[in-house]
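# Remarks on the overall topology
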Amino acid sequence: MRIEILFDKRAKVSESTLSALENELKKRILPQYPDTHFRIATSSNTSVKITGSKNSDEHDQVMELIQNVWEDDSWLSD
């Protein structure tokens, strides 16, 4: 499976935030889906893509994990 999260470069998301997000996603997703690859970066627009999931249930579960990480901002540095 591949998870790609892109942030609009105009949002000026720092590299440390991108790195922290990737680390937290790996911590929460890899135990359940060990063959997952991540790309967290800046781009011309913001998007979240999950490809290679086995079915819609798996896709929805991973999307929920991503949403939980995003809503629980304890992984962000002060």
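Quick notes on the rules
- Residues numbered from 1 in each chain as written.
- Predicted model: local features only at pLDDT ≥ 70, side-chain atom pairs only at ≥ 80, totals over all residues.
- Heavy atoms only, no water.
- Salt bridge = Lys/Arg side-chain N within 4 Å of Asp/Glu carboxyl O.
- Helix = DSSP H or I, 4+ residues; strand = E, 2+ residues; numbered from the N terminus.
- Buried < 20%, exposed > 50% of the residue type's maximum accessible area, 1.4 Å probe, protein only.
- Core = buried A, V, L, I, M, F, W, Y, C linked by side-chain atoms within 4.5 Å.
- Contact = heavy atoms within 4.5 Å.
- Axes fitted to C-alpha atoms, helices over the stretch in contact; angles between N-to-C directions.
- Parallel < 35°, antiparallel > 145°, perpendicular 65-115°, else oblique.
- Left-handed = near helix turned anticlockwise from the far one by under 90°.
- Phe/Tyr/Trp six-rings, centres within 6.5 Å; stacked < 30°, edge-to-face > 60°.

### Describing the pattern of salt bridges
A complete count under the given rule lists 7 salt bridges for this structure. A salt bridge links Glu-22 to Lys-26; its shortest N-O distance comes to 3.2 Å. Of the two residues, Glu-22 and Lys-26 are both situated in helix 1 (residues 15-29); the distance of 4 residues between them amounts to about one turn of the helix. For the salt bridge of Lys-27 with Glu-24, the shortest nitrogen-to-oxygen distance reads 3.3 Å. Of this pair, Lys-27 and Glu-24 both sit in helix 1, 3 residues apart, roughly one helical turn. Assessed through its relative accessible area of 56%, Lys-27 is described here as exposed. Overall, the relative accessible area of 10% leaves Glu-24 in the buried class. Among the charged side chains, a network of salt bridges with common partners joins Glu-24, Lys-27, Arg-28 and Asp-72.

### What to know about the nonpolar core
If you look at the biggest cluster of nonpolar residues, it comprises 17 residues, and the most contacted ones within it are Ile-3, Leu-25, Ile-29, Val-62 and Ile-66. Non-local contacts of Ile-3, meaning those with residues more than four positions away in its chain, are made with Ile-29, Thr-36, His-37, Phe-38, Arg-39, Lys-49, Ile-50, Val-62 and Ile-66.

### As for the packing of helix 1 against helix 2 (residues 56-71)
Close contact between helix 1 and helix 2 brings their axes to 10 Å; oriented N to C, the two are set at 135°. Accordingly, the angle class assigned to the pair helix 1 and helix 2 is oblique. Helix 2 is crossed by helix 1, and the crossing has right-handed handedness. From helix 1, Leu-21, Glu-24, Leu-25, Arg-28 and Ile-29 reach across to helix 2, where they touch Val-62, Leu-65, Ile-66, Asn-68, Val-69 and Trp-70.

### Notes on the packing of aromatic side chains
A complete count under the given rule lists 2 aromatic pairs for this structure. With a centroid separation of 5.8 Å and an interplanar angle of 35°, the aromatic rings of Phe-7 and Trp-70 are classed as tilted. Here Trp-70 lies in helix 2 and Phe-7 lies in strand 1 (residues 2-8), a separation of 63 residues in the sequence. Since its relative accessible area comes to 11%, Phe-7 is described here as buried. On the numbers, 6.2 Å between centres and 45° between planes, the contact of Trp-70 with Trp-75 is tilted. Classification of Trp-75 by relative accessible area gives buried; the value is 11%. Aromatic ring contacts, followed pair by pair, group Phe-7, Trp-70 and Trp-75 into a single cluster.

It is worth stressing that arrangement in space is one thing and function is another; only the former is reported here.
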